[in-house]
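Now for the letters of each chain:
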Amino acid sequence: MATFDIMVLPGDGIGPEVTGASQQVLDAVAARWKHNFRYQTDVVGGGAIDAYGTPLRDETVKSARRANAVLFGAVGGPKWDNEPVRPEAAILGLRKALGLYANIRPVKVFPGMEPASPLKDDRVRGADMVILRELTGGLYYAPPKKRWETKAGRKGVDTLLYTEKEIERILRVGFELARSRRKKLTSVDKANVLQSSRLWREIAIEVSKDYPDVELEHQLVDSCAMVLITRPTSFDVMVMENMFGDIISDEAAVLSASLGMLPSASLAGLPGKDARGRPRKVKGLYEPSHGSAPDIAGQGKANPVGSILSAAFMLQYSFGLAEEAAAINAAVESALNDGHRTADLAPPGAEFSTTQHMTDMVLERL
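Quick caveat, the model's predicted, so the values are computed rather than measured.

A short note on the overall build of the protein
On a plain count of helices and strands, the protein comes out with twelve helices and twelve strands. Here the C-alpha radius of gyration of the protein, 20 Å, is about what a compact globule of 366 residues would show, namely 21 Å. Considering only C-alpha atoms, the protein reaches an extent of 55 × 50 × 50 Å along its principal axes. Expressed as a percentage of its 366 residues, the buried residues of the protein come to 52%. Of the contacts made within the protein by residues no fewer than 6 positions apart, 75% connect residues no fewer than 24 positions apart. Working note: accessible area of the protein is about 15,900 Å², and carbon and sulfur atoms make up 51% of it. Both charge centroids of the protein, one from 45 positive and one from 46 negative side chains, sit 4 Å from each other.

What about the packing of aromatic side chains?
All told, the structure shown has six aromatic pairs when counted by the stated rule. Judged by centre distance (5.8 Å) and plane angle (80°), the ring pair of Tyr162 and Trp200 falls under edge-to-face. Of this pair, Tyr162 sits in the loop between strand E7 (153–157) and helix H6 (164–179) while Trp200 sits in helix H7 (residues 195–208); the two residues are 38 residues apart in sequence, bridging distant segments of the chain. Here the two residues Tyr162 and Trp200 agree in accessibility, since each one is buried. Among the aromatic residues, those joined into a cluster by ring pairs are Phe4, Phe37 and Phe319. The side chain of Lys96 reaches across the aromatic face of Tyr141, ending 4.7 Å from its centre. Cation over ring: Arg169 sits above Tyr101, and NZ or CZ is 4.1 Å from the ring centre.

Section: unusual backbone geometry
In this structure, Pro144 follows Pro143 across a cis peptide bond, with omega equal to 0°. Position of Pro144 among the secondary structure elements: in the loop between strand E5 (128–134) and strand E6 (146–150). Even without glycine at this site, Lys34 takes up a positive phi of about 65°. Structurally, the position occupied by Lys34 is in the loop between helix H1 (15–33) and strand E2 (36–41). Even without glycine at this site, Lys183 takes up a positive phi of about 65°. Counting through the fold element by element, Lys183 comes out in the loop between H6 and strand E8 (184–189).

Side note on the environment of Asn36
Examined against the element boundaries, Asn36 turns out to sit in strand E2. With relative accessibility at 27%, the residue Asn36 sits in the partly exposed group. The sequence separation of Asn36 and Thr3 amounts to 33 residues, and the corresponding C-alpha distance is 4.5 Å. When residues no more than four places from it in sequence are discounted, the contact partners of Asn36 are Met1, Ala2, Thr3 and Phe4.

Quick notes on the packing of helix H10 (residues 305–317) against helix H11 (residues 322–337)
Remark: H10 packs on H11, axes separated minimally by 8 Å, with the N-to-C direction vectors making an angle of 160°. With respect to their mutual orientation, H10 and H11 come out roughly antiparallel. Where H10 crosses over H11, the handedness of that crossing is left-handed. Residue-level contacts link Val305, Ile308, Leu309, Ala312, Leu315 and Gln316 of H10 to Glu324, Ala325, Ile328, Asn329 and Val332 of H11. Grouping the amino acids of the contact of H10 with H11 by side-chain chemistry returns eight nonpolar, two polar and one charged.

Examining the packing of helix H8 (residues 221–230) against helix H9 (residues 242–256)
One can describe the packing of H8 onto H9 by two numbers: an axis separation of 10 Å at closest approach and a directional angle of 15°. As far as their axial angle goes, H9 and H8 are roughly parallel. For the pair H8 and H9, the sense of crossing is right-handed. Side by side, H8 and H9 meet where Val221, Ala225, Leu228 and Ile229 of the first sit next to Phe244, Ile248, Glu251, Ala252 and Leu255 of the second. Taken together, the residues that form the contact of H8 with H9 break down as eight nonpolar, no polar and one charged.

Looking at the sheet that holds strand E10 (residues 237–240)
Across the sheet, ten strands lie side by side as E2-E1-E3-E12-E11-E4-E5-E10-E8-E9; this open sheet has mixed pairing. The two strands at the open ends of the sheet, each matched to only one other strand, are E2 and strand E9 (215–220). Pairs of neighbouring strands in the sheet enclose a mean axial angle of 25°, with direction left out of account. Bridge count between E5 and E10: four bridges; the pairing is parallel. Pairing of Arg133 across the sheet is with Met240, part of E10. Across the sheet, H8 is in contact with E5, E8, E9 and E10; its angle to E9 comes to roughly 105°.

Cut-offs and rules
- In every chain, residue numbers begin from 1 and rise along the written sequence.
- Reporting in this predicted model follows two pLDDT cut-offs: at least 70 for local features of residues, and 80 or more for side-chain atom pairs to be given and counted; totals over whole chains, interfaces and linings ignore these cut-offs and use all residues.
- No hydrogens and no water enter the side-chain calculation; it runs on all heavy atoms of the structure.
- By definition, any uninterrupted DSSP run of H or I lasting at least four residues is a helix, any uninterrupted run of E lasting at least two residues is a strand, and each is numbered from the N terminus.
- We compute the radius of gyration from the C-alpha atoms alone; for a globule the expected value is 2.2 Å times N to the 0.38, where N is the number of residues.
- The rule is simple: take the accessible area with a 1.4 Å probe, protein chains only, and divide by the maximum for that residue type; under 20% is buried, over 50% is exposed, in between is partly exposed.
- Here, two residues are considered to be in contact whenever any of their heavy atoms come within 4.5 Å of each other.
- All accessibility values rest on the Shrake-Rupley procedure with a 1.4 Å probe; residue burial counts only the protein chains present in the view.
- When charges are tallied, Lys and Arg are placed among the positive residues and Asp and Glu among the negative ones, while His and the ends of the chain are skipped.
- A charged residue contributes its charge at one atom only: NZ of Lys, CZ of Arg, CG of Asp or CD of Glu.
- Ring geometry is summarised as follows: Phe, Tyr and Trp rings, the Trp one being its six-membered ring, pair when their centres sit within 6.5 Å, and such pairs are stacked at plane angles under 30 degrees, edge-to-face over 60 and tilted between the two.
- In this scheme, Lys NZ or Arg CZ marks a charge over a ring once it lies within 6 Å of the ring centre and within 35 degrees of the ring normal.
- Comment: axis = line fitted to C-alpha atoms, over the contacting stretch for helices; angle = value between 0 and 180 degrees taken between N-to-C directions.
- Any angle that is under 35 degrees is reported as roughly parallel, and any over 145 degrees as roughly antiparallel; angles of 65 to 115 degrees are reported as roughly perpendicular and all others as oblique.
- Left-handed describes a crossing in which the near helix is turned anticlockwise from the far one by less than a right angle; the clockwise case is right-handed.
- Residue type decides the class: Asp, Glu, Lys and Arg count as charged, Ala, Val, Leu, Ile, Met, Phe, Trp, Tyr, Cys and Pro as nonpolar, and the leftover types, Gly among them, as polar.
- By this definition, two strands are paired if DSSP reports at least two bridges between them.

In structure tokens form, the structure reads like this:
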């Protein structure tokens, strides 16, 4: 019997509902495959501000470092909009503290789900891509970062800084992912304007020499945003810096109709297999791509699919349990194929599956 320690950080809004659904699925996996998942739960985000005056305690970070993986919900809400430190600082702090530099966000339109997207069916049919976002550099972290007042008025500055090492390591993750899929990597930048993007593109070309079997293309981020909607099936793996990844991955949610469908994995190393063909067990934080959605919290309207698929990522990347991860993915796809839709996917006025009902449908097929 294999034992794995999981740090559970449900957070705010619908976070506890969707992480609770994932834990039910993980418990079913543990029972079927004879694993032991040990959970430690803590408070982060707005709840931690209320309880401790800070969105992320040092004790929480220490526990997350000891765990094999972190299952995260969502943080934030209007209640804390005027706090000196916002709840979102919790997830940014965890990414930095755990060295989670590679954020993997798959976007897949499941067969039969095309009508749920606001785009035309024939445009989104067959869309299946991975958006790889660099997580620990760029505008969100680099100094100087401040606001101040002058005689001429208020000013603010954020700095977009990347080192060669940061760029190369995320590009290598991108090439490895592309090599395991359809062997095409799209590097997204703004090289016509930004020096950091020119460096990014230069390093991408250099690293590509180590991956002759992978096609490399370059896209400016603004034109990429257009192609993502007009020709989404042209993409396989897309790699980009922090802010571009934040924006483009949310735009891509339109393809699958809802952010509630999208999982993510934030990793501290290269996924895949080692030189002996064994799966690497990478430290990671796993969360759905959606926010805390406080307006629907506690109403049974939250879509648990993104969180459940994130738990499958955890089994695959941090625990090396590929068979179990595949079983969760298949159970989710089967539930969707059979027509089960949560509130974010159902037509206006139609009946929908509650959070628990959708979870039960996945469990039934698992």
